[in-house]
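Topology and contacts: notes
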Protein chains: 4
Amino acid sequence: MSSTWGNHIKLSIFGGSHTEAIGVVIDGLPAGETIDFDAILCQMARRAPGRDKSSTPRKESDTPHILSGMLDGVLTGAPLAAVIENTNTRSKDYSELKVHPRPGHADYTASVRYKNANDIRGGGHFSGRLTACMVFAGAVCRQLLEKRGVVIGGHVLSVGNVQDERFDPVNVSKEELSGLSLRYFPVRREGVEEAMRQEIESARMAQDSIGGVVECAVVGMPAGIGSPMFGGVENVLSSIIYGVPAVKGVEFGDGFGVATLHGSENNDPYYYDEAGKVKTRTNHAGGILGGITTGMPIVFRTAVKPTPSISQEQDTVDLVTGENAKLSVHGRHDPCIVPRAVPVIESAAAIALLDMMMD
Amino acid sequence: MSSTWGNHIKLSIFGGSHTEAIGVVIDGLPAGETIDFDAILCQMARRAPGRDKSSTPRKESDTPHILSGMLDGVLTGAPLAAVIENTNTRSKDYSELKVHPRPGHADYTASVRYKNANDIRGGGHFSGRLTACMVFAGAVCRQLLEKRGVVIGGHVLSVGNVQDERFDPVNVSKEELSGLSLRYFPVRREGVEEAMRQEIESARMAQDSIGGVVECAVVGMPAGIGSPMFGGVENVLSSIIYGVPAVKGVEFGDGFGVATLHGSENNDPYYYDEAGKVKTRTNHAGGILGGITTGMPIVFRTAVKPTPSISQEQDTVDLVTGENAKLSVHGRHDPCIVPRAVPVIESAAAIALLDMMMD
Amino acid sequence: MSSTWGNHIKLSIFGGSHTEAIGVVIDGLPAGETIDFDAILCQMARRAPGRDKSSTPRKESDTPHILSGMLDGVLTGAPLAAVIENTNTRSKDYSELKVHPRPGHADYTASVRYKNANDIRGGGHFSGRLTACMVFAGAVCRQLLEKRGVVIGGHVLSVGNVQDERFDPVNVSKEELSGLSLRYFPVRREGVEEAMRQEIESARMAQDSIGGVVECAVVGMPAGIGSPMFGGVENVLSSIIYGVPAVKGVEFGDGFGVATLHGSENNDPYYYDEAGKVKTRTNHAGGILGGITTGMPIVFRTAVKPTPSISQEQDTVDLVTGENAKLSVHGRHDPCIVPRAVPVIESAAAIALLDMMMD
Amino acid sequence: MSSTWGNHIKLSIFGGSHTEAIGVVIDGLPAGETIDFDAILCQMARRAPGRDKSSTPRKESDTPHILSGMLDGVLTGAPLAAVIENTNTRSKDYSELKVHPRPGHADYTASVRYKNANDIRGGGHFSGRLTACMVFAGAVCRQLLEKRGVVIGGHVLSVGNVQDERFDPVNVSKEELSGLSLRYFPVRREGVEEAMRQEIESARMAQDSIGGVVECAVVGMPAGIGSPMFGGVENVLSSIIYGVPAVKGVEFGDGFGVATLHGSENNDPYYYDEAGKVKTRTNHAGGILGGITTGMPIVFRTAVKPTPSISQEQDTVDLVTGENAKLSVHGRHDPCIVPRAVPVIESAAAIALLDMMMD
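The structure presented is a predicted model; accordingly, all values stated were derived computationally and were not measured.

Further remarks concern the overall build of chain A. What chain A contains, in helices and strands, is eight helices and 18 strands. The globule rule puts the C-alpha radius of gyration for 359 residues at 21 Å, and the 21 Å found for chain A is close to it. If one aligns the C-alpha atoms of chain A with their principal axes, the spans along those axes are about 70 × 50 × 35 Å. Out of the 359 residues in chain A, the part that is buried amounts to 68%. Of all intrachain contacts in chain A linking residues separated by at least 6 positions in sequence, the fraction that spans at least 24 positions is 72%. About 11,100 Å² of surface is accessible on chain A, with carbon and sulfur atoms providing 48% of the total. For chain A, the distance from the average site of its 34 positive side-chain charges to the average site of its 42 negative ones is 3 Å.

For the rest of this paragraph, the subject is the sheet that holds strand S4 (residues 65-68) of chain B. Residues and elements named next belong to chain B. The strand order S1-S2-S3-S7-S4 describes an open sheet built from five strands, whose pairing is antiparallel. The sheet is open, and its two edges are formed by strand S1 (4-5) and S4, each paired on a single side. By the bridge criterion, two bridges tie S1 to strand S2 (residues 10-14) in an arrangement that is antiparallel. Bridging across to S2, tryptophan 5 finds its partner in leucine 11.

It is worth spelling out the interface of chain A and chain B at this point. Between chain A and chain B, the contact holds 100 residues from the first and 100 residues from the second. When the two sides are added together, the surface that chain A and chain B hide from each other amounts to roughly 7,600 Å², 63% of it contributed by carbon and sulfur. The largest share of the area that chain A buries against chain B comes from Phe230(A), Lys248(A) and Tyr270(A), three residues that together contribute 12% of it. For the interface between chain A and chain B, the tally reads four salt bridges. In this structure, Lys248(A) engages Glu234(B) in a salt bridge whose closest nitrogen and oxygen atoms are separated by 3.1 Å. Summed over the shared surface of chain A and chain B, the result is 46 residue pairs in polar contact (both at pLDDT 80 or more). Per-element tally for the side of chain A that touches chain B: the top contributor is strand S11 (residues 247-252) of chain A, with six residues. Partitioning the side of chain A that touches chain B into residue classes produces 47 nonpolar, 39 polar and 14 charged.

This next bit is on the state of the cysteines. Residue and element names in this part refer to chain C. On inspection of all chains with the given rule, the structure shows zero disulfides over all chains. Unpaired in this structure, cysteine 141 has its nearest cysteine sulfur neighbour in cysteine 133, at a distance of 13 Å. You can see cysteine 336 has no disulfide; the closest cysteine sulfur is in cysteine 216, sitting 15 Å from it. Residue class for cysteine 336 comes out buried when judged on its relative accessible area of 1%.

To continue, consider the relation of the copies chain A and chain B. Put simply, the second copy of the chain is the first one after a rotation about an axis and a shift along it. The transform that puts chain A on chain B rotates by 180° and translates by 0.0 Å along the axis, for an RMSD of 0.0 Å. What we have between these two chains is a two-fold relation. Comparing interface residues between copies, 100% of those in chain A also sit at the interface in chain B, which points to an isologous, same-surface contact.

Moving on, we come to the environment of Lys326(C). All names here are of chain C. Locating lysine 326 in the fold gives a position in strand S18 (residues 323-328). Sequence separation between lysine 326 and arginine 102 is 224 residues; the distance between their C-alpha atoms is 9.8 Å. With residues near it in sequence (within four places) discarded, lysine 326 still touches His100, Glu313, Gln314, Asp315 and Thr316. At 2.6 Å, the side chain of lysine 326 and the side chain of aspartate 315 are in polar contact.

To continue, consider the sheet that holds strand S4 (residues 65-68) of chain A. Strand pairing in a sheet takes place through backbone hydrogen bonds and is either antiparallel or parallel in direction. All names here are of chain A. Spatially, the five strands line up as an open sheet ordered S1-S2-S3-S7-S4, and their pairing is antiparallel. Across the chains shown, the open sheet's two edge strands, defined by having one partner strand only, are strand S1 (4-5) and S4. In the sheet, S4 pairs with strand S7 (residues 80-85) via three bridges, with the strands oriented antiparallel. Looking across to S7, one finds that histidine 65 is bridged to valine 83. Across the sheet, helix H3 (residues 131-147) is in contact with strand S2 (10-14), strand S3 (21-27), S4 and S7; its angle to S3 comes to roughly 35°.

This part is about the environment of Leu29(C). Examined against the element boundaries, Leu29(C) turns out to sit in the loop between strand S3 (21-27) and helix H1 (37-47). With near-sequence residues (within four places) excluded, Leu29(C) lies in contact with Ile9(C), Leu75(C), Gly77(C), Leu80(C), Val140(C), Cys141(C), Leu144(C) and Leu354(C).

It is worth spelling out helix H6 (residues 233-241) of chain C at this point. Counting buried residues in H6(C) gives nine out of nine residues, a clear majority hidden from the surface. Turning to H6(C), its buried residues number three or more, namely Val233(C), Glu234(C), Asn235(C), Val236(C), Leu237(C), Ser238(C), Ser239(C), Ile240(C) and Ile241(C).

Nonpolar side chains in soluble globular proteins tend to be buried together. Residues Leu29(A), Phe136(A), Leu29(B), Phe136(B) and Leu353(B) are the most contacted members of the largest nonpolar core, which totals 157 residues. In contact with Phe136(B), not counting residues within four places along its chain, are Val24(B), Ile26(B), Ile40(B), Met44(B), Pro64(B), Ile66(B), Leu80(B) and Ala82(B). Ile13(C), Met134(C), Met229(C) and Val156(D) belong to the second-largest nonpolar core, a separate cluster that totals 156 residues.

Our focus in this paragraph is the pairing of S3(A). Residue and element names in this part refer to chain A. With seven of seven residues buried, S3 lies mostly within the body of the structure. Here S3 shows a buried face lined by Ala21, Gly23, Val25 and Asp27 and a second buried face lined by Ile22, Val24 and Ile26. As judged from the five bridges shared by S2 and S3, these two strands associate in the antiparallel manner. Residue pairing across strands places serine 12 opposite valine 25, the latter belonging to S3. Linking S2 back to S3 in an antiparallel pair, the connection comprises six residues, with glycine 15 at a positive phi of about 110°.

Criteria and cut-off values
- Residues numbered from 1 in each chain as written.
- Chains lettered and ligands numbered in written order.
- Predicted model: local features only at pLDDT ≥ 70, side-chain atom pairs only at ≥ 80, totals over all residues.
- Heavy atoms only, no water.
- Helix = DSSP H or I, 4+ residues; strand = E, 2+ residues; numbered from the N terminus.
- Rg over C-alpha atoms; globule rule 2.2 N^0.38 Å.
- Buried < 20%, exposed > 50% of the residue type's maximum accessible area, 1.4 Å probe, protein only.
- Contact = heavy atoms within 4.5 Å.
- Areas by Shrake-Rupley, 256 points an atom, 1.4 Å probe, with all protein chains shown as cover.
- Lys, Arg positive; Asp, Glu negative; His and termini not counted.
- Charge placed at Lys NZ, Arg CZ, Asp CG, Glu CD.
- Pairing = 2+ DSSP bridges.
- Buried area = accessible area lost by both parts, 1.4 Å probe.
- Salt bridge = Lys/Arg side-chain N within 4 Å of Asp/Glu carboxyl O.
- Polar contact = N/O pair within 3.5 Å; in protein donor to acceptor, adjacent residues only side chain to side chain.
- Nonpolar A, V, L, I, M, F, W, Y, C, P; charged D, E, K, R; others polar.
- Disulfide = S-S within 2.5 Å.
- Least-squares fit on C-alpha atoms with pLDDT ≥ 70 in both.
- Axes fitted to C-alpha atoms, helices over the stretch in contact; angles between N-to-C directions.
- Core = buried A, V, L, I, M, F, W, Y, C linked by side-chain atoms within 4.5 Å.

Take a look at the structure:
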């Protein structure tokens, strides 16, 4: 199944960029838990376009409307359903795409997969707009995790060649993560935001776009969560994170960095901390061994490709005439979606981790 | 579930390093297909230890014994079940591990997860030995893919700092992949195998181990396989590949390399080839857009951490006394599992791709 | 999961009797198929209350509003989402039920299951109103089945002690089923509808309700659909049909009648018909052997209990005081839901059979 | 999937009547629980043929061999795998069945489903022999349920026209169920066993077979287990019970008897018992409302068809010549499998109820 996910917390996401609405149904949430609706809106605002000069000027009404599953702010245990109306859509912009698929987009693959019946307007069901549903679901799950002592946060680790500083995988704190998870453009090192914005602005000026990396950390996960083999934290997290459009890589702990390490460098030695809790002195494992949490912070990074929508003329094909063709993508697009991807990836992680905690 | 996987092809893997046997049940295979048992044995030999000086001298009898699902070499459509006996086990080596968990292994996390009832001998259900089951299943699926024109192959892209050459993501051929998928130590560039073996030998001499990267490619997948969101090729492949112990990163196409690219560089322009087939001139996407195959080669890389079992003394804890402790891991271990990981990752990919093709 | 179902066609149903809306998301429908919206409305009208004197005078606006998944009347392949607003709700009627659970309803079991946070208004997520979602989904699946030559229909086999005639399991035709599946009160034998209406009216006059049996048949299913063991047609059909509130029994073919038969009576002998097709002379098996269709009509019966909402005073408990109590259920209720259950059960069958045909 | 089942407790069953072995993998069992192997053997002996004059004289070696998942009699948390060798097989008896499918068996439907590649010997994967795997899994789950205060038992409610007495759905006790669940031919009323054996003997003398009904009860289930809609106890139980060959009907509580009841008769009034626990005075619901347990005994009945293998000559088709044909089934067959079905259905229920309790 393409648009459902989960074992204990089951998502079903629907909608397209230009359908009447998008939305999500979440089955399996625990009954009786109070949900702070403003905190949901806060997370959705981080993802919503048009709030920051680095993103598209296109504004979307991202207010989720809850149809069921909550009564007086408390989860009833029945499926939680929310819809978000699509109000600011300009369907005429997209008429050409069935004929001339945009390079880097899913136009061509979707037309093959769905026998050309797919809704191409704005990317249809493949649109990044659908991540609003993931952020809604994640904002709910995040609150339930926080009540259980688990805090998730992320930052823009890089945009193009501009690098922020990685998390300290041993000492990253709930306070740091809480702070980051409220910001639109979260970074760790002072001054790096300006350099990143400059990189984004350069791309925009060149009618181009730029990629980057998002790094997330999770503090407070108890040891013993997750399962061996296909039920591991890495499996479950990556199975949902790759559902975020534009993601091309996911790595945990030292990730691809382990390839040049020796075992003596990569192994994290155990010790008892002052409270008598088992910890590791280093955390190359990113808090996961054998698919199961160690109790140390979970750390992972996600590679985000440059937005494929660029104004420069590109080579493509004409699916009607069967000849090669040229295409210029018009419309309002983000030159860099990395900052807006941070709350989405945090949300995906929140859903996955709550799912595993309920095992 | 931890040890089951799949939608159309359903795996259930069981066993531990020192249980009487390990095995796998595969439900959902198509009836009436002839299976070449020798080709299965060939793949299993690539994974089996003790066949090469770079691996552990420990020999394992890796012959799969088929209990059901095949009659006269033809799949019956009923679940295919195979067991592999564990014959060469030395259980006494592992008595200490319940008390002194090995850094980098799942000893500690498993003991928390399973309330200390887990079978610690040889790593139990977390042992790399279980990958023999994945190779068996993958060897079957690989044959079914080949009949459908799909060929999978991989190579050791790096060991420590020694690098092989990446696949050409546009022109990689079935011939190249077929050749690689028969070799124990598959590499692309001449001479690099020797340098890698030297790196491994150096690690062994230092009572240490070393990590690396495996790169795989798949040629012949038709366009239109996979689904948006959580049913994407990246989601499904990573959900099974992270089931291979020691994997800490999976990336597709340019992977983390996309972070420094502009859209104009990363987008793959479409064109019609001489046969009138839609292709892309470059293949930064690794053959996947919107979770769906483009028809171009699928390319992905997997980071493999250094074997955590090293002979050097390491810091750990004593879970009985509650005090810090020292540990020296004895036994026969691979200084580098990257070459043996190649057929395992190819196999995981074969299972996942056949599953998606049957959608 | 409670409110999701399916392997190839995946349902996610949400809402409660008095939430803002109820709805359903259907993932996995084939792209490119034209859907007749009027035919959907026709099926939903059969289930909707207030259209017939035998049912509750409570009117519900049962018009489904499609949010996504269809474009110009054609399925896009993306999840099909529909919502139905709850307009005619009288929430004040239900204030007492958290304290005094209604016998025969899920009030008590839901309060235990959901720690008293469940939405009790109108039965909440347990309300029969949710079957409107199933009818919507079923009406879509039914159309796709009809294009593939499969027709489903049902009738009221009994109300109380008034019996209609069973289907002829060998000769039941598509024409008969098509006719029945358009009627509000479908029966086979002339005159029986009047007697059933009399039985229902008697129950109503006695401030009581009455149960019955629904019989369904499916003509046109090819042989070879379904799987052994847990993937059998009986397993899959019953797993969804028991999701219809008030169902307490499901039987296939001769059902409980097989208990008094000898093998020589119950076995259906094979023969070739004039067209050279394998058929059975009798059809005690109800078209299913070993979980797999024989190509003969599928026949099954469903027992529907009397509506638990009756106006008579009943014994219950006071969950606040911890003492025994009396309860009179007010409001507008069906004295018999069996006629309205027919399209619901037909719909459940349509969803399940399409799911299995897509295997 | 055909031969896998479950959400929290995941079964994967493999093998056929004449394959080298049959077996089952059970993933998700709780770690650290002690298992009594003799109690498993006791349940398997109840199902095994050849132990009673009413069953087939064919003896099967039903000893399960545990390959993994248990260490020193304690569950490790890793998948529990058991195999049972097929020793007493006479493959030559079955050579004719590919050509002349047996009426009432899955020979024909399986050949269509699996393109004639299915293993026909002894019924292959469709053989009742596979229920030995279900009894093994159920015997393990039953022990885990008993530790949690839940006891399951069943009896032969009818054979042909000979009836035993139904359970008292309000007062059935753990003692009664424990006693029944140790017997080969469990009945409630004195003398009825003899009459049933007479009925079976009559069928055998007539080269025929006879059907019957199994009734099961479960005492000790806490209130609040199960979920609305598709996660209900009825859904989950029937989804696994229909996996037992020969089952054609499953009903809960009063089952099809509800069809002639009024609401005032069928509703179970609540009251507080002396211990202050909520109970119902009657139990027409069979312990389930809205899919969720009430805390009262769960009661359900299963219709079992007469064994299709009878020695009388029957009409069939010749799938090679395309002409009608005659068939006499030879071999050693049960004239009635109802007594042997009791432990199988109890086992299916044990698996399903443990799965739901782990939610």
